[in-house]
Amino acid sequence: LQNNNNNAGTMNMPSNTNSSSQPTATNTVTIQNFAFSPANISVKAGTTVTWTNQDSATHTVTETDGQDGPNSGSLVNGATYSFTFKTAGTYHYHCQIHSSMTGTVTVS
């Protein structure tokens, strides 16, 4: 038997043209390698965003602008936290434990 598949071993992968400054339209954020991924997301008002900690370290999702935003408390490995964004605006957040970890949710 002969395999005449000329494309064997190749895959067409979608190119990622999103820069880190452009918000990604998603409602899930992964916490991994001491970072929020994606760090900047955009959602419509009324959307619930869920963060999942996949790091071995404990992290938080804490709003930093004094707005009514996410405030998860401590999230251990495997824990999730969800927050519903009801009002349009830009919400900045960070990990209270690791202040270099930051993210933004843009709500329209």
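Residues numbered from 1 in each chain as written. Predicted model: local features only at pLDDT ≥ 70, side-chain atom pairs only at ≥ 80, totals over all residues. Heavy atoms only, no water.

Quick look at the overall build of the protein
Stated precisely, the cut-off is as follows: Only DSSP runs of H or I with at least four residues qualify as helices, and only runs of E with at least two residues qualify as strands; both kinds are numbered from the N terminus onward. Under the scheme applied here, a residue whose accessible area is under 20% of the maximum for its type counts as buried, over 50% as exposed, and between as partly exposed, the area being computed with a 1.4 Å probe on protein chains only. Each accessible area is a Shrake-Rupley estimate made with a 1.4 Å probe; only the visible protein chains count as cover when residues are assessed.
On a plain count of helices and strands, the protein comes out with zero helices and nine strands. The helix and strand sequence of the protein, counted from the amino end, reads β-β-β-β-β-β-β-β-β. Split into buried and exposed, the 108 residues of the protein put 31% on the buried side. Counting every atom, the protein has about 6,800 Å² of accessible surface; 45% of that belongs to carbon and sulfur.

Concerning the environment of Tyr 81
Operational definition: Pairs of residues are marked as contacts when any of their non-hydrogen atoms sit within 4.5 Å. By the criterion applied in these results, polar contacts are pairs of N or O atoms within 3.5 Å in which, for protein atoms, one can donate a hydrogen and the other can accept it, and in which residues neighboring in sequence qualify only through two side-chain atoms.
Position of Tyr 81 among the secondary structure elements: in strand β7 (residues 80-85). Setting aside anything within four residues of it in sequence, one finds Tyr 81 in contact with Val 49, Thr 50, Trp 51, Val 61, Pro 70, Asn 71, Ser 72 and Leu 75. Among the polar contacts listed, one links the side chain of Tyr 81 to the backbone nitrogen of Asn 71, at a separation of 3.0 Å.

Remarks on the packing of aromatic side chains
Note the cut-off: Working definition: a ring pair exists when centres of Phe, Tyr or Trp rings (six-membered ring for Trp) sit within 6.5 Å. Plane angles under 30 degrees give stacked, over 60 give edge-to-face, the rest tilted.
All told, the structure shown has six aromatic pairs when counted by the stated rule. With a centroid separation of 4.8 Å and an interplanar angle of 75°, the aromatic rings of Phe 36 and Tyr 93 are classed as edge-to-face. Of this pair, Phe 36 sits in strand β3 (residues 36-37) while Tyr 93 sits in strand β8 (residues 89-94), and the two are 57 residues apart along the sequence. Grouping residues by exposure puts Phe 36 and Tyr 93 together as buried. With 6.4 Å between their ring centres and 55° between their planes, Trp 51 and Phe 85 make a pair best called tilted. Separated by 34 residues along the polypeptide, Trp 51 in strand β5 (residues 47-53) and Phe 85 in strand β7 bring together distant segments of the chain. A network of ring pairs unites the aromatic residues Phe 36, Trp 51, Tyr 81, Phe 83, Phe 85, Tyr 91 and Tyr 93 as a single cluster.

Description of the sheet that holds strand β1 (residues 24-25)
Definition in use: Paired strands, as defined in this entry, are two strands with at least two bridges between them according to DSSP.
Judged by pairing direction, the sheet is mixed, and its five strands sit side by side in the order β1-β4-β9-β8-β6 without closing on themselves. At either margin of the open sheet sits one strand with a lone partner, and together these are β1 and β6 (62-63).

Notes on the confidence of the model for the protein
Condition: pLDDT expresses how confident the predictor is about each individual residue, on a scale running from 0 to 100.
Of the residues in the protein, 81% reach a pLDDT of 70 or more, and the chain-wide mean stands at 86. Here residues 2-20 is modelled with pLDDT under 50, and outside its nearest four sequence neighbours on either side it reaches two contacts, counting other chains as well.

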